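# Observations on the model geometry
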Amino acid sequence: MVTWHFNGGYTILHAAGGEIRAWMRDFIFTEHRVENGDPSILAGFRAMLDALDPEDYRGKRGAAFAFIEAATGMCLDSELPDVEDAPVVILDNPAA
């Protein structure tokens, strides 16, 4: 999963087997990057980020989608990083 919002929060999360295995917050801003979980899971994503110019924010969002495609085999629409007001699918509602 990857998310970002108008306040600049950028998060990528990897979950499998019913648990969160690794996540990285604020991946757009190298100096503020925070990671948790198994570092090997996001090693490929980290390498993609580090290969980009520090101010290539669009490239970093694109890298998040490229990493998801590589990890899942799922093909994502190349326009997704720039879509506004995209529909959201809620898979579970823990408050219900």
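Conventions we followed
Residues numbered from 1 in each chain as written. Predicted model: local features only at pLDDT ≥ 70, side-chain atom pairs only at ≥ 80, totals over all residues. Heavy atoms only, no water. Phe/Tyr/Trp six-rings, centres within 6.5 Å; stacked < 30°, edge-to-face > 60°. Helix = DSSP H or I, 4+ residues; strand = E, 2+ residues; numbered from the N terminus. Buried < 20%, exposed > 50% of the residue type's maximum accessible area, 1.4 Å probe, protein only. Pairing = 2+ DSSP bridges. Axes fitted to C-alpha atoms, helices over the stretch in contact; angles between N-to-C directions. Contact = heavy atoms within 4.5 Å. Arc of directions from axis to C-beta. Expected span 1.5 Å × (residues − 1). Salt bridge = Lys/Arg side-chain N within 4 Å of Asp/Glu carboxyl O.

## A look at the packing of aromatic side chains
Applying the stated criterion to the full structure yields five aromatic pairs. Centroid distance Phe-29 to Tyr-57: 5.7 Å. Interplanar angle 55°. Geometry classified as tilted. Taken together, the residues span a long stretch of sequence, with Phe-29 in the loop between β3 (19-25) and β4 (34-37) and Tyr-57 in helix α2 (residues 57-72) at a distance of 28 residues. Relative accessible area serves as the criterion here: at 33%, Tyr-57 is assigned to the partly exposed category. Judged by centre distance (5.6 Å) and plane angle (45°), the rings of Phe-45 and Phe-67 are tilted. Here the residue Phe-45 occupies a position in helix α1 (residues 43-51), and Phe-67 occupies one in helix α2, the gap between them amounting to 22 residues. With respect to class, Phe-45 is no different from Phe-67; both count as buried.

## Thoughts on the sheet that holds strand β2 (residues 10-16)
Sheet architecture is open: four strands sit in the order β1-β2-β3-β4, paired in antiparallel fashion. Bordering the open sheet on either side are β1 (2-4) and β4, each of which pairs with just one other strand. In this sheet, neighbouring strand axes are inclined to one another by 15° on average, regardless of whether the strands run parallel or antiparallel. The pairing of β1 with β2 spans three bridges and is classified as antiparallel. What sits directly across from Thr-3, in β2, is Thr-11. Along the sheet, α2 makes contact with β1 and β2, crossing β1 at roughly 160°.

## As for α1
Of all the residues in α1, the buried ones are Phe-45, Arg-46 and Leu-49. Angularly, the buried residues of α1 cover 100° about the axis, an arc narrow enough to put them on a single face. Where the residues of α1 are buried, they touch β2, β3, β4 and α2.

## Structural notes on α2
For α2, with 16 residues, the first-to-last C-alpha span of 23 Å sits near the 22 Å given by 1.5 Å per residue. Along α2, the residues classified as buried are Lys-60, Arg-61, Ala-63, Ala-64, Phe-65, Phe-67 and Ile-68. As for α2, its buried residues are in contact with β1, β2 and α1. Downstream of α2 by a residue or two, Gly-73 has a phi angle that is positive, lying close to 80°.

## Topic: the pattern of salt bridges
Evaluated as defined, the whole model comprises three salt bridges. A salt bridge links Arg-21 to Glu-19; the shortest N-O distance between them is 3.6 Å. The salt bridge involving Asp-50 is made with Arg-33; its shortest N-O contact spans 3.3 Å. Taken together, the residues span a long stretch of sequence, with Asp-50 in helix α1 and Arg-33 in the loop between β3 and β4 at a distance of 17 residues. Accessibility expressed as a relative area gives 18% for Arg-33, which makes it buried.

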